[in-house]
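Geometric and topological summary
So the chains spell out like this:
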Amino acid sequence: MSGWMATVALVGLTSAAAAQDLSDVHLHVVPRTEAERDRIAGATAAPQQFQTPQTFEANPGGAATVRAMTTADAFSQPSGNISFERELDFKVGNGLFKKVWVSAPSSTLASDGLGPLYNARSCQRCHLKDGRGHPPEGPEDTAVSMFLRVSVPGTDEDVFEEIAEYLPTKADPVYGLQLQDFALPGHAAEYRLDITYEEEEVQLSGGEVASLRVPTYRAADLGYGPLAEGAMLSPRVAPQMIGLGLLEAIPAEDILANADPDDSDGDGISGRAQIVWSAEYNQPMLGRFGLKAGAPTIREQSAAAFAGDIGISNPLFDAGAGECTEAQVDCLAAAHGDTDERGFEIDAEGLDLVAFYSRNLGVPARRGEGDPEVLRGKQVFFETGCNKCHTPTFVTHRLQDRPEQSFQLIWPFTDMLLHDMGPGLADNRPEARASGQEWRTAPLWGIGLTEQVSGHTYFLHDGRARSLLEAVLWHGGEAQAQRDSVANMPPPDRAALLTYLESL
């Protein structure tokens, strides 16, 4: 059972659900041989010793790994194994990723179509230096790399019958599925993001104390009247961009093999597959991208971001008014940039180049993987059970047309599955099969370079954690036992664990 020929049982559904095709239709796969499967099993096995690094551990992106730079450009390098010709496409895609869009009509037809309502004027504004976004630093700071998703409870009419255990929601009838906090002149922005925090002390072993900031979110200064009754808000910070093409190339069957929805092994971990409807392929697919794995491919994620974040129409989401709803009459009546020969405000070629760029942002090499303190922290990581969700290794598909991602041993530290993280991290807003307490396991590769690239150390889906320790202490639900172990372990072990995470 392999690659694009595979039909796999939909792991995590009710026993009454029929088998469903979750094959990797977005990839051109060369099926694995049995000999390759045996090699992969050995390469991805858990370490048996912690005195020295594992073979190839220094190269988390396989042959696509890039040199670990000491500047803020560490996440902006092309795959280490990219050819000269394909690097040219990467650079053109980078230009489109950085492009600042303007309102229509404009003399620069290739750059018009912004808004009328939007969250940012370019992809780069949210993913600055291809790194992690952050909450507003204070009343004078904008929320340009953070926004609120919104939806209201759905009905049976909003269910995708092809996806078992789908949790129906629908757009707010006035505000859509995403709140935009910027608008073109003559239009009202939809809202202003208001965040307040309360500090909560956490007692740790050895007399140490940590403090967590507990956020409260409010959609203030609503520009088009109140939200619908029952509206559910979910704060989202832009995630880092490295290694996305490698995550896209992990075989679906390998991801599904780690799912354990009924916790049959009794370890308290019950990862579930996210299944979403693909606008690109018009069928259910395994969700991979986004904080709740709401997008199946990089191209579809990019297209949705163009439409929702910037108001740019494209071949997958073709509304010239972006996320404007029928209730926002002036927005729909405004000039848009899809009336020229492009047909869309960004056409298929441009969208493909942005997806290629996003797919080929290289993962930096590890730093200090052989340091004794790092190795001790690695042992703590495994003994604590962090690897049960943050799966260290996969081997990507052998691909016909994506040489950079083809058959690479990678170290992303994610199982790509949904996990219940408890009420503390809940946004209480379902998305496809993800409940209001479930999130996709975040990849850890490159996490130790966050401050260098992004200028801050804010983590989790909404940036509430100000350090890696705070991020760990927010874990609950399926990760409650691991969180408690970290809080209660000897302080030197906790320090070693954090040192290990910083080396990733």
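About the thresholds
Residues numbered from 1 in each chain as written. Predicted model: local features only at pLDDT ≥ 70, side-chain atom pairs only at ≥ 80, totals over all residues. Heavy atoms only, no water. Helix = DSSP H or I, 4+ residues; strand = E, 2+ residues; numbered from the N terminus. Rg over C-alpha atoms; globule rule 2.2 N^0.38 Å. Buried < 20%, exposed > 50% of the residue type's maximum accessible area, 1.4 Å probe, protein only. Contact = heavy atoms within 4.5 Å. Areas by Shrake-Rupley, 256 points an atom, 1.4 Å probe, with all protein chains shown as cover. Lys, Arg positive; Asp, Glu negative; His and termini not counted. Charge placed at Lys NZ, Arg CZ, Asp CG, Glu CD. Disulfide = S-S within 2.5 Å. Pairing = 2+ DSSP bridges. Axes fitted to C-alpha atoms, helices over the stretch in contact; angles between N-to-C directions. Parallel < 35°, antiparallel > 145°, perpendicular 65-115°, else oblique. Nonpolar A, V, L, I, M, F, W, Y, C, P; charged D, E, K, R; others polar. Salt bridge = Lys/Arg side-chain N within 4 Å of Asp/Glu carboxyl O. Polar contact = N/O pair within 3.5 Å; in protein donor to acceptor, adjacent residues only side chain to side chain. Phe/Tyr/Trp six-rings, centres within 6.5 Å; stacked < 30°, edge-to-face > 60°. Lys NZ or Arg CZ within 6 Å of the ring centre and 35° of its normal.

1. Some thoughts on the overall build of the protein
Check the secondary structure of the protein and you find 13 helices and 15 strands. Computed over C-alpha atoms, the radius of gyration of the protein comes to 22 Å, within 12% of the 23 Å expected from 2.2 N^0.38 for 504 residues, which places it in the range of a compact globule. When its C-alpha atoms are laid out on the principal axes, the protein stretches across 65 × 55 × 55 Å. Residues classed as buried in the protein amount to 57% of the 504 residues present. Put simply, of all contacts in the protein between residues at least 6 apart along the chain, 69% involve residues at least 24 apart. Entry remark: accessible area of the protein is about 20300 Å², with carbon and sulfur atoms responsible for 53%. Averaging the positions of the 38 positive and the 72 negative side-chain charges in the protein gives two centres separated by 5 Å.

2. Things to note about the state of the cysteines
For the structure shown, the criterion picks out 1 disulfide. With its sulfur 1.6 Å from that of its partner, C324 forms a disulfide with C331. Here the S-S torsion is close to 45°, and the disulfide linking C324 with C331 is therefore right-handed. The pair C324 / C331 is uniform in exposure class, with both members buried. Cysteine C123 shares no disulfide, and the gap to the nearest cysteine sulfur, in C126, comes to 8.2 Å. Under the relative-accessibility criterion, C123 is labelled buried at 13%.

3. Quick look at the pairing of strand β6 (residues 192-203)
Consecutive side chains along a regular strand alternate between the two faces of the sheet. By the bridge criterion, 12 bridges tie β6 to strand β7 (residues 209-220) in an arrangement that is antiparallel. Looking at the pairing, Q203 lines up with V209 of β7. In this structure, the hairpin formed by β6 and β7 is closed by a connection of 5 residues, where G206 is found at a positive phi of approximately 75°.

4. Let's talk about the packing of helix α9 (residues 372-384) against helix α13 (residues 491-503)
Where α9 contacts α13, the axes come no closer than 7 Å and their chain directions differ by 100°. Judged by the inter-axis angle, α9 sits roughly perpendicular to α13. Taking contact as the criterion, the partners of E373, V374, R376, G377, K378, V380, F381 and F382 in α9 are, on α13, P492, D493, A495, A496, L497, T499, Y500, L501 and S503. Its residues placed into classes, the contact of α9 with α13 shows 10 nonpolar, 3 polar and 4 charged.

5. Digging into the pattern of salt bridges
Under the defined criterion, the tally for this structure stands at 30 salt bridges. Residue D73 pairs with K129 through a salt bridge whose shortest N-O separation is 2.8 Å. Taken together, the residues span a long stretch of sequence, with D73 in the loop between α1 (34-43) and α2 (84-98) and K129 in the loop between α3 (123-126) and β3 (146-153) at a distance of 56 residues. When its relative accessible area of 31% is taken as the criterion, D73 is described as partly exposed.

6. Considering the side chain of R213
Relative to the helices and strands, R213 resides in strand β7. Although R213 is buried, it forms no salt bridge, and the closest oppositely charged side chain is E470 at an N-O distance of 5.5 Å. Looking at R213, its side chain comes within polar contact range of the main-chain oxygen of G463, at 3.0 Å. In terms of polar contacts, R213 uses its side chain to reach the backbone carbonyl oxygen of R464, at 2.8 Å. Contact partners of R213, with chain neighbours within four places excluded, come to P135, Y197, E198, E199, Y458, G463, R464, R466, E470 and W474.

7. Digging into the sheet that holds β3
Taken together, 3 strands build an open sheet; the order of strands is β4-β3-β8 and the sheet is antiparallel. Two strands close off the open sheet at either side, each with one partner strand: β4 (169-170) and β8 (232-237). In this sheet, β4 lies alongside β3 in antiparallel orientation, the contact comprising 2 bridges. Within the sheet, the bridge partner assigned to V152 lies in β4 and is K170.

8. Points about the packing of α2 against helix α8 (residues 348-359)
As a packed pair, α2 and α8 sit with axes 7 Å apart at the nearest point and diverge in direction by 105°. When the axes of α2 and α8 are compared, the pair comes out roughly perpendicular. When α2 is examined against α8, the residues R86, D89, F90, V92, G93, N94, L96 and F97 are found in contact with a partner set consisting of G350, L353, V354, F356, Y357 and S358. Grouping the constituent residues of the contact of α2 with α8 by class yields 8 nonpolar, 4 polar and 2 charged.

9. Details of the packing of aromatic side chains
The geometry of an aromatic ring pair is captured by the separation of the ring centres together with the interplanar angle, meaning the angle of the planes. For the structure shown, the criterion picks out 12 aromatic pairs. Here F381 and F413 contribute two aromatic rings whose centre-to-centre distance is 5.9 Å and whose plane-to-plane angle is 85°, an arrangement assigned as edge-to-face. Note that F381 is positioned in helix α9 and F413 in the loop between β13 (409-410) and β14 (418-420), a separation of 32 residues in sequence. Take F381 and F413: they sit in the same class, and that class is buried. Chaining the aromatic ring pairs together yields one cluster made of F50, F381, F382, F413 and Y500. Geometry around Y197 places R213 over its ring, the cationic atom sitting 4.2 Å from the centre. The ring of W439 has K292 sitting right over it, with the charged end atom 4.2 Å from the ring centre.

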